[in-house]
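Report on the structure
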Amino acid sequence: MFSAGQLALLSIFSHIMFIYLTWKVVTVIRIETIFKKGRSAEARVFLLFITIMIGTGVSRFFLDILQWSGDLIYLFSSIHVLI
């Protein structure tokens, strides 16, 4: 469906977009209240790691769905050969 270069570019764009969207959502949460006073830098780093983890997972999910939907034609082409 996609060439290797196109898939790489799509994956990079998708990961960056979903990490950005996740960052916007996660920053609404007041995570600093969980950490001790004076530890806001650690709280921000923690939020960054959580954001990367969630954003990458969501991006991977959508990229997998895109790949699998493109591969469905092989299911139907193999059925046609059997008939």
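The shown structure was predicted, so the numbers you read here are calculated from the model rather than taken from an experiment. (Residues numbered from 1 in each chain as written. Predicted model: local features only at pLDDT ≥ 70, side-chain atom pairs only at ≥ 80, totals over all residues. Heavy atoms only, no water.)

**Points about the overall build of the protein**
Put simply, the rule reads: The way it works is that DSSP assigns letters per residue, a run of H or I at least four long becomes a helix, a run of E at least two long becomes a strand, and they are numbered from the N terminus. What the globule rule says is 2.2 Å times the number of residues to the power 0.38, and the radius of gyration is computed from C-alpha atoms. Exposure is judged per residue with a 1.4 Å probe applied to protein chains only, and the accessible area is read against the type maximum: over 50% gives exposed, under 20% gives buried, and values in between give partly exposed.
Counting its regular elements, the protein contains 2 helices and 0 strands. Its C-alpha atoms give the protein a radius of gyration of 19 Å, more than 25% over the compact-globule value 12 Å for 83 residues. Referenced to the eigenvectors of the C-alpha coordinate spread, the extents of the protein come out at roughly 70 × 25 × 15 Å. When each of the 83 residues of the protein is scored for burial, the buried share is 17%.

**Concerning the environment of T33**
Relative to the helices and strands, T33 resides in the loop between α1 (4-26) and α2 (40-82). Sequence separation of T33 and H15 is 18 residues, and the distance between their C-alpha atoms is 29 Å.

**Some points on the packing of aromatic side chains**
Basically, it comes down to this: For Phe, Tyr and Trp, where Trp contributes only its six-membered ring, two rings pair if their centres lie within 6.5 Å, and the inter-plane angle classes them as stacked under 30 degrees, edge-to-face over 60, or tilted in between.
Counted under the stated rule, the structure contains 2 aromatic pairs. Taking the centre distance of 5.3 Å and the plane angle of 5° together, the rings of F18 and F62 count as stacked. Placement of the pair is F18 in helix α1 and F62 in helix α2, with a sequence separation of 44 residues. Residue F18 is classed as buried on the basis of its relative accessible area, which comes to 16%. Among the residues examined, F62 registers a relative accessible area of 43% and is labelled partly exposed. Chaining the aromatic ring pairs together yields one cluster made of F18, F61 and F62.

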